[in-house]
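Topology and contacts: notes
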Amino acid sequence: MTDPAARLRAAIQAENLLELSRAARATLAAEARLGVDWASVAGACLQAGDDYAALQAAGRVAEIAPDHLESWLWVAAVYTAMGDHANALKVFETQIKRFPQDVILRRRAGRALLELGRKAEAELHFREAVALSGGDAIAYEGLAHSRTFMPGDDVLAHMEQARINLPEGAHPEQRGVLAYAIAKAYEDVGEYDIAARRVTEGAAFYRETAPFDVDRHETSIAHLMSVYEPRFARSQTEAGLLDARPVFIVAPPAAGASWLARALAAGEGAGRLERYNSLFWMAASPLGDQRPEDIERALSEAGERSVLAEVGRAYLRYAEERTGKVERIIDPSSLNEMSAGAAGLALPAARFIIITREPKDLAWAAFKRRFRKGRYWTYHLDDIARVTTQTARLCERWRSLFGERVLTVSYEALAADPGGEVKRIAQFAGVDPEAAAAEAWLRADLFEADPVGVHARAASRLPALMAALERAGFKEG
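Below, the structure is looked at part by part. (Residues numbered from 1 in each chain as written. Predicted model: local features only at pLDDT ≥ 70, side-chain atom pairs only at ≥ 80, totals over all residues. Heavy atoms only, no water.)

**Structural notes on the sheet that holds strand β5 (residues 406–410)**
- Read across the sheet, 5 strands follow the order β2-β3-β1-β4-β5 without closing on themselves; strand pairing throughout is parallel. Edge strands, defined here as strands with exactly one partner in the open sheet, are β2 (270–272) and β5. Neighbour to neighbour, the strand axes of the sheet diverge by 20° on average, direction disregarded.
- One ladder, built from 3 bridges, connects β2 with strand β3 (residues 328–331); its direction is parallel. Bridge assignment links R272 to a residue of β3, and that residue is I330.
- Packing against the sheet, helix α17 (residues 307–323) makes contact with β1 (246–250), β2 and β3, and its axis sits at approximately 95° to β3.
- Docked against the sheet, helix α20 (residues 381–402) engages β1, β4 (351–356) and β5, running at close to 145° with respect to β5. (Pairing = 2+ DSSP bridges. Helix = DSSP H or I, 4+ residues; strand = E, 2+ residues; numbered from the N terminus. Axes fitted to C-alpha atoms, helices over the stretch in contact; angles between N-to-C directions. Contact = heavy atoms within 4.5 Å.)

**Observations concerning the pattern of salt bridges**
- Counted by the stated rule, this structure contains 38 salt bridges.
- Among the salt bridges present, the one from D153 reaches R147, with a minimum N-O distance of 2.6 Å.
- Of the charged contacts, one joins K325 and E320 as a salt bridge, the two residues approaching to 3.4 Å between their closest N and O atoms.
- Because the salt bridges share partners, they merge into one network encompassing R22, E310, R313 and R317. (Salt bridge = Lys/Arg side-chain N within 4 Å of Asp/Glu carboxyl O.)

**Digging into unusual backbone geometry**
- Despite not being glycine, E31 has its phi angle at roughly 55°, a positive value.
- Note on placement: E31 falls in the loop between α2 (17–29) and α3 (38–48).
- A relative accessible area of 53% means that E31 is categorised as exposed. (Buried < 20%, exposed > 50% of the residue type's maximum accessible area, 1.4 Å probe, protein only.)

**Regarding the environment of M466**
- Among the secondary structure elements, M466 is positioned in helix α25 (residues 462–471).
- Along the primary structure M466 and E476 are separated by 10 residues, whereas in three dimensions their C-alpha atoms are 9.0 Å apart.
- Residues in contact with M466, not counting those within four places in the same chain, are K360, F474 and E476.

**Let's talk about the packing of α3 against helix α4 (residues 51–64)**
- Between α3 and α4, the shortest axis-to-axis distance is 8 Å and the interhelical angle comes to 165°. As far as their axial angle goes, α4 and α3 are roughly antiparallel. Pair α3 / α4 crosses with left-handed handedness. Here α3 contributes W38, A39, V41, A42, C45 and L46 to the contact with α4, which in turn contributes D51, A53, A54, A57, A58, R60, V61 and I64.
- In terms of residue class, the contact of α3 with α4 is made up of 12 nonpolar, no polar and 2 charged. (Parallel < 35°, antiparallel > 145°, perpendicular 65-115°, else oblique. Left-handed = near helix turned anticlockwise from the far one by under 90°. Nonpolar A, V, L, I, M, F, W, Y, C, P; charged D, E, K, R; others polar.)

Functional significance is not addressed by these values, which are geometric in nature.
This is how it looks when you write it as structure tokens:
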């Protein structure tokens, strides 16, 4: 009999995400005695996309070493990845009672409160973190996002002073984070040109710590375009799993994917996954590199032998763990733009909602935001222009491939009539239109914070933005 821990090590080495998940669960079920090495299992499961297994592994760490703060930080990190900010906050608050002077705990408690919409409470934690750290950049960033700045705000002055006082050897990421925080403050008070300069400064620093190979990304998109050819639209559906529950939202960052998912899941009978979930990506591991011959072979199979049907079954098993037994699963994963082809074939009754946004607005909205996870292409205007242009081409392929299963909506239409547009989308998705529309109106402040026409806030950086888009093939008008 194979040792579950050995199987897990082999899966990690092979980088097979689905096998990693299954091996981790087998190791958990076998009650393997890994001691604090369960932390490594939790980390591997998070990387694979199996948050539930990661939570169990993190729980083992906390059981073994309950007095160590790091054990509980693992548990809270998994709750955060799952979007369960309420339980993450409970962990932070319990540990703050033990370690009231810990800066990391204060920062993370503040972040959880921000995610829960409790800005006033979040601000208190971030202020404490700033005081304890003497001006920590991430603490200042949290403080900036927990308040709306007014002209003459003391916090802005303190952040500028902290920027000036950073030692010469300060890490570029620290400089970048602080620059983004300051930019947010200047945008609040309407000083858009200063904000744009701080964003550009922050992006340059941050890019030093998070390089991105845009050529490799374009090669990946070209590969997908070559594999998922229009002829597949005429393929038989017997190879996949006929299940109408999944509704995939395909959208670039800063286009309202999480906002729309929350609205569509507002009514009874609908469940929502988090934007950063990678459940389908993990489930699709058996498709390997998705070469044309692999897809041809998968489409030729049917019944229990079908690889595509097994991908669909695996995805739904993982999704149901998070949403329960619901009539619709709303999945806004940031990976959907790359995995929609496989999802469409594996789940031939699934539907897709593609969100578009005016290119200038999309580019600036992405550039002026520091993403705390991934999205390393958003720190250079040329990378943004190239990636979003290629993604738009890829989405056009998904539209041509899946036809009436795809609904395209625009950020601009959502902003103009949140309730009415979401009601239309809800009818397509098969969820309660009235509940979705009501939720959309309640959360319409998104379009005030990130309005249509936001590219005008690029100010003196607008020519550079336009030049980057033109180099990528965008022609205005």
